[in-house]
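# Geometric and topological summary
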Amino acid sequence: MALYRSRGIVLRSIRYGEADRILDIYTRDAGLVSCIAKGIRRTRSRFGARLEPFSCVDFMAYHGRTLDTVTQAESLRSFRRVRERLDRLEAAAGLAGVLRALSGGTPDRMTFNLLYHALDALEAAERGFGLVEAAFGLKLAVLSGYAPRLDGCVGCGEEPGEAARFAPAAGGFLCRGCRDVPEDSFPVPPETLGRLRRLAALPLREAPLESGLEEPLRRVVRAYVMAHAPGAPSLAGAGRS
């Protein structure tokens, strides 16, 4: 069995048997891989806490028929603070769900770097975690070729205005004159489109995390991903069980 080494971010950790865990790891070079870490739940495990969800690790594993087996792991960044607050952890699970939905688990270094920077932003922030998730989703949609239209109404091209609605299946916002169309459209606060434009334009580290509109923005991005991404059923998230 071929042994390989890779760098990755643990998206999910599931208990298996008496002492093992099954891990989903998004790697920089091979995309999403599923591995088993044997004995990791034992007190004297050689892995220690290095394979916690949302940790960035350098690891060695060998290929198996269904699961690869991790033989060695070194922590590069634990992102410990992401796991210490439920609201941070919920946003991190949202990142993982969007990544699965939009990337399909295929390898892409820009996607890996975007995920790393999103976790870094989550760990550093004291509020606005849903805005980090929304910014990540927008940027990953652009990278994956599923970008929503943010430059005007998807029906007529005009500025949607304060009475705008968001139509996930149509791919963007609808103005008052064009909103007779889709059943899946829903109203959004007046500032929503402007805030989305800012999130899309700025680097993740500079994402505006001011209070307000956090849930509407997250709802818009999640609804858009659910409507367009090939792997959308996996949007429910990730983490530890």
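We now turn to the structure provided with this report. Keep in mind it's a predicted model, so treat the numbers as computed, not measured. Here the residue index of a chain counts from 1 through its sequence in written order. Note on the predicted model: pLDDT of at least 70 is required for a residue's local features to be given, and 80 or more for side-chain atom pairs to be given and counted; whole-chain, interface and lining totals, by contrast, use all residues. Only heavy atoms go into the side-chain values, all of them from the structure, while hydrogens and water stay out.

We count a salt bridge whenever a side-chain nitrogen from Lys or Arg sits within 4 Å of a carboxyl oxygen from Asp or Glu. By the definition in use, this model includes 17 salt bridges. As a salt-bridge pair, Asp-24 and Arg-100 come within 2.6 Å of each other at their nearest N and O atoms. Of the two residues, Asp-24 is situated in strand β2 (residues 20-27) and Arg-100 in helix α2 (residues 86-103); the sequence distance between them amounts to 76 residues. Residues Asp-24 and Arg-100 agree in their burial class; the two are buried. Where Arg-109 meets Asp-29, a salt bridge forms, and the shortest distance between an N and an O atom there is 2.7 Å. Note that Arg-109 is positioned in helix α3 (residues 109-124) and Asp-29 in the loop between β2 and β3 (31-37), a separation of 80 residues in sequence. Burial here depends on accessible area, computed with a 1.4 Å probe over protein chains only, as a share of the maximum for the residue type. Under 20% is buried, over 50% is exposed, and the range in between is partly exposed. Owing to a relative accessible area of 46%, Arg-109 belongs among the partly exposed residues under this scheme. Connected through shared salt-bridge partners, Arg-81, Arg-85, Asp-87, Arg-88 and Glu-126 make up one network. Strands are runs of DSSP state E lasting at least 2 residues, helices are runs of H or I lasting at least 4, and numbering of each runs from the N terminus.

Glancing now at the sheet that holds strand β6 (residues 165-167). Any two strands with at least two DSSP bridges between them are considered paired. Read from one edge of the open sheet, three strands run β7-β6-β8, paired in antiparallel fashion. Lying at the two open borders of the sheet, with one neighbouring strand each, are β7 (172-174) and β8 (186-187). As paired elements, β6 and β7 share three bridges and run antiparallel to each other. Within β7, the residue paired with Phe-166 across the bridge is Phe-173.

Structurally, Ser-185 is set in the loop between β7 and β8. Sequence-distant contacts of Ser-185, that is, excluding residues within four places in its chain, are made with Arg-165, Phe-166, Ala-167, Pro-168 and Leu-174. When checking whether two residues touch, look at their non-hydrogen atoms; a contact exists if any pair is within 4.5 Å.

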